[in-house]
Amino acid sequence: MLSAIILASLLFATAQAGKRGLTWTFYNAPLDPGVFNNGDGQVVAIYDYETFSPVSKNGLGGLGFIGMQRCLDCASSPINQLASRQATQKWATVFTLNEPDINGISPSQAAAWYKQNINPLAIKKAFPAVTNSGNAGQGLDWLSQMISACAGGCFADYVNLHWYGQDLASFQSHVQSAHAKFPSFTIVITEFALQNPSGGQSAQVNFFRQAFAWLDSQSYVTLYFPFVATSPALLSSNDPGAVSFVGTGSCLYNNDGSPSAVGNLMF
């Protein structure tokens, strides 16, 4: 009986584990990621598109860092330092290639690169992060072609999705399509938001409130990271392209470093 109670407790704890994470930017030095680590366990991870820890006023803020080799070989994250950085920093998961489906990297090139550089890491691994483009050779189609090019030789745990669009139903449909297409892998969503909605922050709040609840209920979704863990002022000063594409309403921080209306949904 005791063993059954212990097992049930462990299963309950696993079911309740937080899935939320922070998509951190390189210009976030004034911000504290620990603001979202309030002890309730909902926010558990942070990544910064690099294989070095985020720049912030409080390190990792007590969150689990996930390294990302965002390009084939980056000046900031050299591919020949990937294994040593992982060993030194001891991250348990690696994300790979940021939107290669729209950045001129072919599925076969990505497969060969992945086998050589990612397979040897004895940690959890995610396939490259792909957009939600429905064009042939992009999005899920690109990922399907990469997996075919791998011919069973790419070791991965997660499919990694980015999504920007107009409504919750489209978001849910895309995530469900990815799960149906790649049922052998669980899903991480490392960027998502409404695409510059006319309703601004209030529209983003309404979307994320429903999206978070839905994602928490999907057993095949392991982690999700709303875009983006920064403030409107920092985003506007450093990434005007993102402001044009998404707006500032999805920022998790206010300009004073406190959680925004969207940020408060993370707790």
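Residues numbered from 1 in each chain as written. Predicted model: local features only at pLDDT ≥ 70, side-chain atom pairs only at ≥ 80, totals over all residues. Heavy atoms only, no water.

Let's hear about the side chain of Arg85: which residues, and what values?
Tracing the backbone shows Arg85 in helix α2 (residues 82-89). Residues in contact with Arg85, not counting those within four places in the same chain, are Thr51, Phe52, Ser76, Ser77, Pro78, Lys90 and Trp91. (Helix = DSSP H or I, 4+ residues; strand = E, 2+ residues; numbered from the N terminus. Contact = heavy atoms within 4.5 Å.)

Explain helix α3 (residues 107-117) residue by residue, including any values.
Helical geometry note: an α-helix holds 3.6 residues per turn, so side chains three or four residues apart project in the same direction. Along α3, the positions that sit buried rather than exposed are Pro107, Ala110, Ala111, Trp113, Tyr114 and Asn117. If you follow the buried residues of α3, they end up packed against β4 (67-69), α2, β5 (93-96), β6 (124-130) and α4 (139-150). (Buried < 20%, exposed > 50% of the residue type's maximum accessible area, 1.4 Å probe, protein only.)

Give me the lowdown on the nonpolar core, citing residues and values where you can.
Leu22, Met146, Phe171 and Phe192 are the most contacted members of the largest nonpolar core, which totals 81 residues. Looking at this core, the element that brings in the most residues is helix α6 (residues 200-216), giving eight residues. (Core = buried A, V, L, I, M, F, W, Y, C linked by side-chain atoms within 4.5 Å.)

Please set out unusual backbone geometry residue by residue, giving values where relevant.
Omega for the bond connecting Phe227 with Val228 falls within 30 degrees of zero, at 20°, which places this linkage in the cis form. Structurally, Val228 can be placed in the loop between β9 (221-224) and α7 (232-238). Of note in this structure, Leu97 is not a glycine but carries a positive phi near 45°. Relative to the helices and strands, Leu97 resides in the loop between β5 and α3.

Tell me what's going on with the side chain of Ser77, and back it up with residues and numbers.
Structurally, Ser77 is set in the loop between β4 and α2. Within the structure, the side chain of Ser77 is placed 2.5 Å from the side chain of Glu50, a separation counted as a polar contact. Contact partners of Ser77, with chain neighbours within four places excluded, come to Glu50, Thr51, Phe52, Gln69 and Arg85. (Polar contact = N/O pair within 3.5 Å; in protein donor to acceptor, adjacent residues only side chain to side chain.)

An account of the pairing of strand β2 (residues 43-47) is needed here, citing residue identities and associated values.
β2 sits mainly inside the fold: four of its five residues count as buried. Bridge count between strand β1 (residues 20-23) and β2: four bridges; the pairing is parallel. Bridge pairing in β2 places Thr23 opposite Tyr47. (Pairing = 2+ DSSP bridges.)

How would you sum up the pattern of salt bridges? Please name residues and give values.
Under the criterion given, the structure shown has three salt bridges. Its salt-bridge partner being Arg20, residue Asp216 comes within 2.7 Å of it at the nearest N-O pair. Here Asp216, found in helix α6, pairs with Arg20, found in strand β1; they are 196 residues apart in sequence, far enough to count as distant. We note a salt bridge from Glu50 to Arg70, for which the minimum N-O separation is 3.3 Å. With Glu50 in the loop between β2 and β3 (64-65) and Arg70 in the loop between β4 and α2, this residue pair connects regions lying 20 residues apart in the sequence. Taking the relative accessible area as the measure of exposure, Glu50 reaches 10% and is therefore buried. (Salt bridge = Lys/Arg side-chain N within 4 Å of Asp/Glu carboxyl O.)

Describe the environment of Ile66, with residues and values.
Looking at where Ile66 falls in the secondary structure, it is placed in the loop between β3 and β4. Each residue touching Ile66, except ones within four places of it in the same chain, is listed here: Ala45, Ile46, Tyr47, Thr93, Val94, Phe95, Leu223 and Phe225.

Can you tell me about the environment of Asp48, naming the residues and giving the values?
You can see Asp48 is positioned in the loop between β2 and β3. Remark: the alpha-carbon pair of Asp48 and Ala111, spanning 63 residues in sequence, is separated by 23 Å. Dropping the residues within four chain positions of it, Asp48 is found in contact with Trp24, Ser53, Pro54 and Phe65.

Pulling in residues and values, what's your account of the packing of aromatic side chains?
Evaluated as defined, the whole model comprises 25 aromatic pairs. Ring centres 5.0 Å apart and planes at 80° place the aromatic pair Phe26 and Tyr27 in the edge-to-face group. Under the relative-accessibility criterion, Tyr27 is labelled buried at 10%. Taken together, a centroid distance of 5.5 Å and an interplanar angle of 45° make the contact between Phe208 and Phe212 tilted. A residue pair is termed a helical-turn pair when its members lie 3 or 4 positions apart in one helix, as Phe208 and Phe212 do in helix α6 at four residues. In this structure, Phe208 and Phe212 share a single accessibility class: buried. A connected cluster of aromatic rings, assembled from ring pairs, spans Trp163, Phe171, Phe192, Phe207, Phe208, Phe212, Trp214 and Tyr224. (Phe/Tyr/Trp six-rings, centres within 6.5 Å; stacked < 30°, edge-to-face > 60°.)

Tell me about the packing of helix α5 (residues 168-181) against α6, and please be specific about residues and values.
With their axes 10 Å apart at the nearest point, α5 and α6 run at an angle of 30° to one another. Classified by the angle between their axes, α5 and α6 sit roughly parallel to one another. Here α5 and α6 pass one another in a crossing that is right-handed. Across the interface between the two elements, Leu168, Phe171, Gln172, Val175 and Gln176 from α5 touch Phe207, Gln210, Ala211, Trp214 and Leu215 from α6. Here the residues of the contact of α5 with α6 are counted per class, giving seven nonpolar, three polar and no charged. (Axes fitted to C-alpha atoms, helices over the stretch in contact; angles between N-to-C directions. Parallel < 35°, antiparallel > 145°, perpendicular 65-115°, else oblique. Left-handed = near helix turned anticlockwise from the far one by under 90°. Nonpolar A, V, L, I, M, F, W, Y, C, P; charged D, E, K, R; others polar.)

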